[in-house]
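Coordinate analysis (summary)
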Amino acid sequence: MTEHDTEAHPGRQGGYAAARLRLLHQERLTGPPLRTELARATDHWLGELLGPAPGVALVAVGGYGRGELSPRSDLDVLLLHDGTTADPGIAALADRVWYPVWDMGLALDHSVRTPAEARKAAASDLKVHLGLLDARHLAGDPALTAALRTTAYEDWRAQAPARLPELRELCEERARRQGELRFLLEPDLKEARGGLRDATALRAVAASWLADAPREGLEAARTLLLDTRDALHLATGRATDRLALQEQDQVAAALGLPDADALLRRVYGAAHTVSYAAEVTWREVGRVLRARSGRPRLRRGGGTSHAVQAMGDGGRGGRGGFVAPERIPLAEGVVEQDGEVGLARTARPEHDPVLPLRAAAAAAQAGLPLSRHAVRRMTGAAALPVPWPAEAREQLLTLLGAGEPAVAVWEALETEGIVSRLLPEWEHVRCRPQRNALHRWTVDRHLVETAVRAAALTRRVGRPDLLLLAALLHDIGKGRPGDHSETGAETARQVAARLGYGPEDAGVLATLVRHHLLLADTATRRDLGDPATVRAVTDAVGSAAVLELLHALTEADALATGPTAWSAWRASLVADLVRRAAAALDGRPVPPGPRRSAPTAEQTTAADEARRTGAPVVVLRARPEGTDGDGPVGVELLIALPDRPGVLPAAAGVLALHRLRVRTAEIRAMAAPAGDRPVLLLTWRVAAEYGSPPGAARLREDLTRALDGSLDVAGRLAEREAAYRGRRPGVPHAPPRVSVAPGGSRDATVLEVRAQDAPGLLHRIGRALEEAGLWVRSAHVSTLGASAVDAFYVTGSGGGPLPPEEAARTARAVQESLGG
């Protein structure tokens, strides 16, 4: 803006700034009214900035063109001119508008074009064309804006067969890059699949007149995402679309929600609606484009190839003659038509309560999507009687046993509320987030994914029906008060009775849900050589048949959790535990556990040297990255040294000082000749946070200094942690929890520590155990994503397990020392 312009209109900028401040912070407007008023005030301001300008129009495009101006949104503006004004004059007009916007500190996406140039830019850039579809007149010559809109829509409809596939690929590429909004703990509200970009793409598809998105709930979902973005902008003061963890509680409060989980559930639900609408719409676009191209489609179940051209309820074939789409029967009242599963003309959902499950099972078995029209019709199906008839139960199991195709079918039913009608308990886990880095899905999707994984394991068990149901229900208690396994077990028992199972089968299902974490927890955190470990499993399952089911459920659950939750190492530990428990249940001799095996030659050599020298022996061995499926491992570390107090905190502290993250750790004592102290063997799998790990000599030197007190490990770690907190406050996490494992061992007390993984955590745990006067006989340390779950076999001064009351007091003391 020139000096003359500033002097001529001194109040424009200040007036808009005051109006903007009032709207954002004083009038307490929210939602669509806030966006509308903000857009209206901005329209007025920009119009005044342009002033009289013959042959020129100021046009809002994109989100601003839709009047959806969030607090920190860019202003997408086009200065359109008819070409009659010389370039210097147009440049001066542009400066008169652009510079005040920049002076206000607002983000501006601007362009200056003639109608011909705008049309050419749209032809070469899909994003430009999409923006023009939302063109809205702000100031100047309205005829220019009207002509631009008319041309943009005419071109869009004419070019839709070529441009819609390009738009779909843009959406898919963005989803690959940003992920699926409803499964992300820090989602991008705009770019992720199911976000605002996808909602805008659906508007563009509708504008093509080739297909239209499902309207039910879509506008409400889009509005919720916009409202959330507004609250995020106001909370952060930044133009951000990423709903970061540290802002979620503040955004939730601004929207009147109780907490961040409630916020995420609403956001996930909205994203689910958008994602499903996009899936249905793009499927329809593909069908219409195939019909227009006259591409032949191979008939299912026969060898004759013929053209099927369908759009809506019919299509045109031959030389312009009308042919009805082929309808292939799949089940009673269910047909396949044009690549989707729909209802037969004779189907009467209001009189056929099993129809939704029958149609869903048929669709999943055929690997086809459920027609949206069919799903909508089935919302009016009659309620199933209680208990369910056998056919309903069988169709549910057929659906779950279909494997991967069951996911899309289940979600189609879920979108229209049919799942919650069939299983009312489902509503409580629907779209529920899981704040655990291991989990890649929400609770509801994880349950379906577990059933998918279980379907591949049904040949291993005698009761595949109970395996599939246990997979679907194993986390049904999440989000309710108390232990989700215990709560879920009672819920599963009730569901089983409603489905028509007898008390015995309902009891088995409840046992599977109650103990679905038992095998993985026990195998990775307990001493398999201790008879108490096996007894804990056999007491819980009660029979070989239940053990068999639990083994398969454990694998399916882990595989459905995420890529780091299951590995060859974990699988082997669980399999060995199952093998030993099965022997005990059958009355056969229990084979020896792997942790009771004789020391290796390398361990024996290291132990002999440590006993002879009285000093630590350190051996490093490089490991290929990710060989056990637990992420980067890098180095296997063996430490041998004569048993003495302080070994665990000293060794863990030295590793933390060298920025080595402990992935797994085991501690065992080797028996010594009479008169000699036992030698402790510490086997660690560690990964360097960055760079290369230090050499064995450096680690041995620092460990020696830590043990004799010349290296202040605790002080050095505290200084580093204080400096880190000063640079980055971080996100609050759940406090650590220390508990006594009941019946964990006959020779020791087992303390289980669960905490957020952090540098120096194992050092702090070791110090806490030492300060409590405990002797660590063995330890089983594992890191699962961002969580550390460690088990320590400890004894008191007398060398035996702690009395129950003392064990409980000790657990509380250790928990308090860790900040819990």
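**Details of the overall build of the protein**
Along the backbone of the protein there are 32 helices and 19 strands. In the protein, buried positions account for 53% of the 820 residues. In the protein, of all internal contacts separated by at least 6 residues, the share reaching a separation of at least 24 is 69%. About 35,800 Å² of surface is accessible on the protein, with carbon and sulfur atoms providing 51% of the total.

**A few points about the pattern of salt bridges**
Tallied over the entire structure, the rule returns 54 salt bridges. Measuring nitrogen to oxygen at the nearest pair gives 2.8 Å for the salt bridge that ties Arg66 to Asp134. With Arg66 in the loop between helix H4 (62-65) and strand E2 (75-81) and Asp134 in the loop between helix H7 (126-132) and strand E4 (136-140), the pair connects residues that are 68 residues apart, well separated along the chain. You can call Arg66 partly exposed: its relative accessible area is 23%.

**What about helix H31 (residues 761-771)?**
All of the buried residues in H31 are Leu761, Leu762, His763, Ile765, Gly766, Ala768 and Leu769. Backbone geometry just downstream of H31 places Gly773 in the positive-phi region, at approximately 75°.

**Re helix H10 (residues 218-236)**
With 19 residues, H10 should reach 27 Å at 1.5 Å per residue; the first-to-last C-alpha distance of 27 Å fits that figure. Where burial is concerned, most of H10 is hidden: 15 out of the 19 residues are buried. Note on H10: the residue one or two positions beyond its end, Gly237, has a positive phi of about 70°.

**Examining the environment of Ala146**
Among the structural elements, Ala146 can be located in helix H8 (residues 142-178). Sequence separation of Ala146 and Arg136 is 10 residues, and the distance between their C-alpha atoms is 8.6 Å.

**So, the environment of Ala382**
When you line up the elements, Ala382 lands in the loop between helix H14 (372-378) and helix H15 (390-400). Considering only alpha carbons, one finds Ala382 and Asp352, 30 residues apart in sequence, at a separation of 6.3 Å. Ignoring sequence-local partners within four residues, the contact set of Ala382 consists of Pro349, Glu350, Pro353 and Arg421.

**Here's the deal with the environment of Asp757**
Along the chain, Asp757 turns up in the loop between strand E17 (749-756) and H31. Residues Asp757 and Ala788 lie 31 residues apart in sequence; the distance between their C-alpha atoms is 5.1 Å.

**Thoughts on the confidence of the model for the protein**
Per-residue pLDDT for the protein has a mean of 86; in total, 89% of the residues score no lower than 70. Contacts for the low-pLDDT stretch residues 1-11, under 50 throughout, to residues beyond four places or in other chains number six contacts.

**Comments concerning the nonpolar core**
By size, the foremost hydrophobic cluster in this structure holds 92 residues, and its most contacted members are Leu370, Met378, Trp410 and Trp426. Residue contacts for Leu370: discarding those within four places in its chain leaves Arg283, Val341, Ala359, Ala360, Ala363, Val375, Met378, Val409, Ala412 and Leu413. Core analysis: the second largest hydrophobic core is formed by 50 residues, Ala650, Leu660, Val738 and Leu762 among them.

**Considering the sheet that holds E4**
Strand order across the open sheet formed by four strands is E3-E2-E1-E4, with mixed pairing between neighbours. Of all the strands in the sheet, just strand E3 (108-113) and E4 have a single pairing partner and so form its edges. Between one strand and the next, the sheet's axes are offset by a mean angle of 25°, whatever the strand orientation. Note: strand E1 (residues 56-60) against E2, five bridges, orientation antiparallel.

**Quick word on the packing of helix H3 (residues 31-50) against helix H5 (residues 87-103)**
At their nearest, the axes of H3 and H5 sit 8 Å apart, and the two run at 140° to each other. Our classification of the angle between H3 and H5 gives oblique. Crossing of H3 over H5 shows right-handed handedness. Within the contact between the two elements, H3 uses Trp45, Leu46, Leu49 and Leu50 and H5 uses Leu93, Arg96, Val97, Pro100 and Val101. The class makeup of the residues in the contact of H3 with H5 is eight nonpolar, no polar and one charged.

**A word on unusual backbone geometry**
The step from Val386 to Pro387 runs through a cis peptide bond, and the omega angle for that step is -5°. Secondary-structure assignment places Pro387 in the loop between H14 and H15. Unlike most non-glycine residues, Arg659 shows phi in positive territory, near 55°. In this structure, Arg659 sits in the loop between helix H28 (647-657) and strand E14 (660-670). Arg659 sits in the partly exposed class, given a relative accessible area of 28%.

**So, the pairing of strand E10 (residues 334-337)**
Consecutive side chains of a regular strand alternate in pointing toward one face of the sheet and then the other. With burial as the criterion, each face of E10 is covered, one bearing Val334 and Glu336 and the other bearing Val335 and Gln337. Both strand E9 (residues 327-331) and E10 contribute to a ladder of four bridges, which runs antiparallel. By the bridge assignment, Arg327 is partnered in E10 with Gln337. Linking two consecutive strands that pair antiparallel, namely E9 and E10, is a turn of two residues; a positive phi of about 80° is found at Gly333 within it. Two strands pair when backbone bridges link them, and E10 and strand E11 (residues 340-343) are joined in this way by four bridges, in the antiparallel orientation. In the sheet register, Glu336 faces E11, and the bridge partner there is Val341. Between E10 and E11, which pair antiparallel in sequence order, lie two residues; one of them, Asp338, sits at a positive phi of approximately 50°.

**A short note on the sheet that holds E10**
Spatial strand order, E9-E10-E11: three strands in an open sheet with antiparallel pairing. A strand with exactly one partner marks an edge of an open sheet, and here the two such strands are E9 and E11. Strand-to-strand twist in this sheet, taken as the mean axis angle between neighbours without regard to direction, amounts to 40°.

**Side note on the packing of H15 against helix H16 (residues 405-415)**
Contact geometry of H15 with H16 gives a least axis separation of 8 Å together with a crossing angle of 125°. Put simply, H15 runs oblique to H16. On the side of H15, the interface is formed by Leu396, Leu399 and Leu400, while H16 contributes Ala406, Val409 and Trp410. Considered class by class, the residues forming the contact of H15 with H16 number six nonpolar, no polar and no charged.

**Let's talk about the side chain of Thr114**
Residue position: Thr114 is located in the loop between E3 and helix H6 (115-124). For Thr114, a relative accessible area of 16% gives the class buried. If sequence neighbours within four positions are ignored, Thr114 has contacts with Leu80, His81 and Gly83.

**With respect to the packing of aromatic side chains**
What the rule picks out here adds up to four aromatic pairs. Centroid distance Tyr99 to Trp102: 5.2 Å. Interplanar angle 85°. Geometry classified as edge-to-face. Here Tyr99 pairs with Trp102, and both are found in helix H5, just three residues apart, close to one helical turn. Relative accessible area serves as the criterion here: at 37%, Trp102 is assigned to the partly exposed category.

**Notes on the side chain of Arg498**
Within the fold, Arg498 resides in helix H21 (residues 484-499). Discounting residues that sit within four places of it in the chain, Arg498 has contacts with Val386, Pro387, Trp388, Leu422, Leu423, Pro424 and Glu425.

The rules behind each value
Residues numbered from 1 in each chain as written. Predicted model: local features only at pLDDT ≥ 70, side-chain atom pairs only at ≥ 80, totals over all residues. Heavy atoms only, no water. Helix = DSSP H or I, 4+ residues; strand = E, 2+ residues; numbered from the N terminus. Buried < 20%, exposed > 50% of the residue type's maximum accessible area, 1.4 Å probe, protein only. Contact = heavy atoms within 4.5 Å. Areas by Shrake-Rupley, 256 points an atom, 1.4 Å probe, with all protein chains shown as cover. Salt bridge = Lys/Arg side-chain N within 4 Å of Asp/Glu carboxyl O. Expected span 1.5 Å × (residues − 1). pLDDT = per-residue confidence, 0-100. Core = buried A, V, L, I, M, F, W, Y, C linked by side-chain atoms within 4.5 Å. Pairing = 2+ DSSP bridges. Axes fitted to C-alpha atoms, helices over the stretch in contact; angles between N-to-C directions. Parallel < 35°, antiparallel > 145°, perpendicular 65-115°, else oblique. Left-handed = near helix turned anticlockwise from the far one by under 90°. Nonpolar A, V, L, I, M, F, W, Y, C, P; charged D, E, K, R; others polar. Phe/Tyr/Trp six-rings, centres within 6.5 Å; stacked < 30°, edge-to-face > 60°.

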